[in-house]
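These are the residues of each chain, in order.
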Amino acid sequence: MKISALQKARYEYSPKLPTVLRGEIGTVVPTYGQPTNAASDQEALKALFPNTYGLPKVSFGKGTNKDVAKKVNVGVILSGGQAPGGHNVICGLYDALKKANPENQLYGFLGGPSGILEDKYMVMTDELIDQYRNTGGFDIIGSGRTKLETKEQFAVCTKVCREHSINAIVIIGGDDSNTNAAVLAEYFRANNEPVCVVGCPKTIDGDLKNESIETSFGFDTATKTYSELIGNIERDANSARKYWHFIRLMGRSASHIALECAMQTQPNICLVGEEVEAKNQSVEDITNYIADIVAKRAEKGLNFGVCLVPEGLIEFIPSLKVLIAEINDLLAKTEAQFNALETSADKISFVEQRLSTSSKSVFDSLPVEIKAQLLADRDPHGNVQVSKIETEKLLIQTVGARLAQMKKEGKYNGKFNSQNHFFGYEGRCAFPSNFDSDYCYSLGYNAFFLVNANLTGYLSSVTNLEKPADQWQAGGIPITMMMNMEQRHGEKKPVIKKALVELDGKPFKYFESNREQWALETCFTFPGAIQYFGPGEVCDQTTMTLALEKN
Ligand code: FBP
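Here's a quick rundown of the structure. Fair warning: this is a prediction, and the values are worked out from it, not measured in the lab.

**Some details on the site of the ligand**
Inspection of the region around the ligand gives 14 residues, with D205, R252, E311, Y425 and R428 positioned closest. At a separation of 2.8 Å, an oxygen atom of the ligand approaches a polar backbone atom of G81. Between an oxygen atom of the ligand and a side-chain N or O atom of R252, the distance comes to 2.8 Å. Protein chains bury 88% of the 490 Å² of accessible surface belonging to the ligand in isolation. Looking at the shell around the ligand, its residues break down into three nonpolar, five polar and six charged.

**Here's the deal with the packing of aromatic side chains**
Under the counting rule described, the total for this entry stands at 19 aromatic pairs. Their ring planes at 45° and their centres at 4.9 Å tell us that F154 and Y187 sit as a pair that is tilted. Taken as a pair, F154 in helix α6 (residues 151-163) and Y187 in helix α7 (residues 175-190) lie far apart in primary sequence, 33 residues in all. The burial state of F154 is the same as that of Y187; both residues are buried. A ring pair is formed by F246 and F416, whose centres lie 6.1 Å apart and whose planes are at 85°; its orientation type is edge-to-face. Highlighted residues: F246 in strand β8 (residues 244-249) and F416 in the loop between α18 (391-408) and β11 (418-423), separated in sequence by 170 residues.

**Describing the side chain of K498**
Positionally, K498 belongs in the loop between β15 (491-496) and α21 (506-520). What makes K498 buried here is its relative accessible area of 16%. For K498, the side chain forms a polar contact with the side chain of D175, separated by 2.2 Å. In contact with K498, other than residues within four places in its own chain, are D175, D207, R252 and S253.

**Regarding the pairing of β15**
Of the strand pairs in this sheet, strand β14 (residues 483-488) and β15 are connected by six bridges, and their pairing is antiparallel. Looking at β15, one finds that N484 is bridged to V495. What sits between β14 and β15 in their antiparallel hairpin is a turn of two residues, with H489 showing a positive phi close to 50°.

**What about the packing of helix α8 (residues 219-240) against helix α9 (residues 256-265)?**
Look at α8 against α9: their axes get within 9 Å of each other, and the N-to-C directions meet at 50°. Relative to α9, α8 is oriented oblique. In the crossing of α8 with α9, the sense of the turn from one axis to the other is right-handed. Contacts from F219, T223, Y226, S227, I230, G231 and E234 in α8 reach H256, I257, E260, C261, Q264 and T265 in α9. A breakdown of the residues in the contact of α8 with α9 according to their chemical character gives five nonpolar, six polar and two charged.

**Brief notes about the sheet that holds β11**
Overall, parallel pairing links the four strands, which are arranged β9-β10-β8-β11 in an open sheet. In this open sheet, the two strands that pair with only one neighbour each are β9 (269-270) and β11. Here β8 pairs with β11 via six bridges, running parallel. Bridged to R248 within β11 is F422. Its contacts with the sheet place α9 against β8, β9 and β10 (305-310), and it is angled at close to 155° to β10. Each of β8, β9 and β10 is contacted by helix α11 (residues 283-299), which is oriented at about 145° to β8, the strand it contacts most.

**Quick look at the nonpolar core**
Core analysis: the biggest nonpolar cluster contains 86 residues, and I90, V170, Y226 and L249 have the highest contact counts within it. The element best represented in this core is helix α20 (residues 434-452), accounting for 11 residues. Apart from the residues lying within four places of it in its own chain, the contact partners of I90 are V76, L78, L106, M124, I129, I140, I141 and I172. Membership of the second largest hydrophobic core comes to 46 residues, among which are I286, C307, V362 and L394.

Thresholds applied
- Residues numbered from 1 in each chain as written.
- Predicted model: local features only at pLDDT ≥ 70, side-chain atom pairs only at ≥ 80, totals over all residues.
- Heavy atoms only, no water.
- Near = heavy atom within 4 Å.
- Polar contact = N/O pair within 3.5 Å; in protein donor to acceptor, adjacent residues only side chain to side chain.
- Areas by Shrake-Rupley, 256 points an atom, 1.4 Å probe, with all protein chains shown as cover.
- Nonpolar A, V, L, I, M, F, W, Y, C, P; charged D, E, K, R; others polar.
- Phe/Tyr/Trp six-rings, centres within 6.5 Å; stacked < 30°, edge-to-face > 60°.
- Helix = DSSP H or I, 4+ residues; strand = E, 2+ residues; numbered from the N terminus.
- Buried < 20%, exposed > 50% of the residue type's maximum accessible area, 1.4 Å probe, protein only.
- Contact = heavy atoms within 4.5 Å.
- Pairing = 2+ DSSP bridges.
- Axes fitted to C-alpha atoms, helices over the stretch in contact; angles between N-to-C directions.
- Parallel < 35°, antiparallel > 145°, perpendicular 65-115°, else oblique.
- Left-handed = near helix turned anticlockwise from the far one by under 90°.
- Core = buried A, V, L, I, M, F, W, Y, C linked by side-chain atoms within 4.5 Å.

Scope: geometric values only; no functional claims are made or implied.
Quick look at the structure:
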């Protein structure tokens, strides 16, 4: 296999660990805090997780750990969408395991959670691990979105773990995957099965966070990658001065990615789904807001600009949110009948006939392509796949129509030529930034100590992230602490509560206080490519989101 010069150089990079995890492996010991509670729906969750609910938070400190070398076999699973740094979580876990006892084994289950169900795995070796250090992607073992939720699946997990004498499973995933981890941990505990389940917080979307999980890994690198591309487009727009670029960015349920990229690149417009919902805005309101800025810039002869659109926007528009929830429930209840329909037109008409009057009128107002995209397959967790809904094209259409009308009314006399883009997959497998390389390695290394202390149902937590890595703290939080009950596949299910953009939080406030100037003037900033080698102020910057949230 041909290896790029950067890849070779990145193999040599030594990720930084928090001071507490450095040095002799037998010097790390847990300290237990107070019992915890879930974010909401406490009673329901207590009933569903009688063995793993309310556990205390844990932090690691220096001491003597006599059990560190006890032999363990650990299984690791990469779950959900790719995020830069996943390989380093595995490398950190592997290094800690081998340092503690060279006899320890790490089983990498292949292709996501289905790997354990099908007993497909690879035993990790130095040779394999060394090919993936500090690289992007999840290709070392692959990923998938299979949901582990049924008793039958758990029974298979039990059998596979017994067969390989696996004592612990580390699930590297987002909110849905760590929900799986919590449910599996509860199952093992309830059945006295001696397998510890630990999660690691992954998702480029940045919506898996709280005070103990300051950011999910991958958010740093993905937003830096998108910001580089947006900055390049801004420079192109400012050079050619003839296009409005509508750029949709990933972020299924929260607008953190769009907001971070906006702070990095200062575009003319950035929509924030959480604000759209809070202000109860319709597609028409959003259209008018954009058209107004386009017209004001045109008055100054600026017939170009950049507009960022979070992919999850569609689910934040209240009328569309209701519509999507109705469609989700309907598709869950009529799955077989719906799937038997052959054409997209048949599917659209099937759904139209079963919607409430208000949702039907919203559905009818949408272009046919968007209707079809709204009916596309749900992911295994029952979510609509917003990465397939071309909201940026919908907005180009509606803004174009609004500007044409304004022209007729003599309120606009510019030119509106548009380009559409979608940045998502471009950022998910980038070479992890130094921050993500260090953070991920630390999360994996730390996961070993959670396993070693048999802290089942815990999420690996590394905090104080706005400081240099030597000042980071390490520990774990019970996953149930982050949960609430939500409607999924037509029924109430326990899931990790998503952390959305807070409208009174510092990142949004910063954006809000600048956006008018960014809209009317041209204040683009060009972050350039991620730098891996060079001065700290260029290579080791965290995201603005993290910096603002922590200061
Ligand atoms: P996770 O929540 O699994 O981390 O996935 C995040 C994400 O990248 C979203 O931003 C996006 O909507 C989705 O994955 C796309 O999923 P897929 O890779 O299945 O198309």
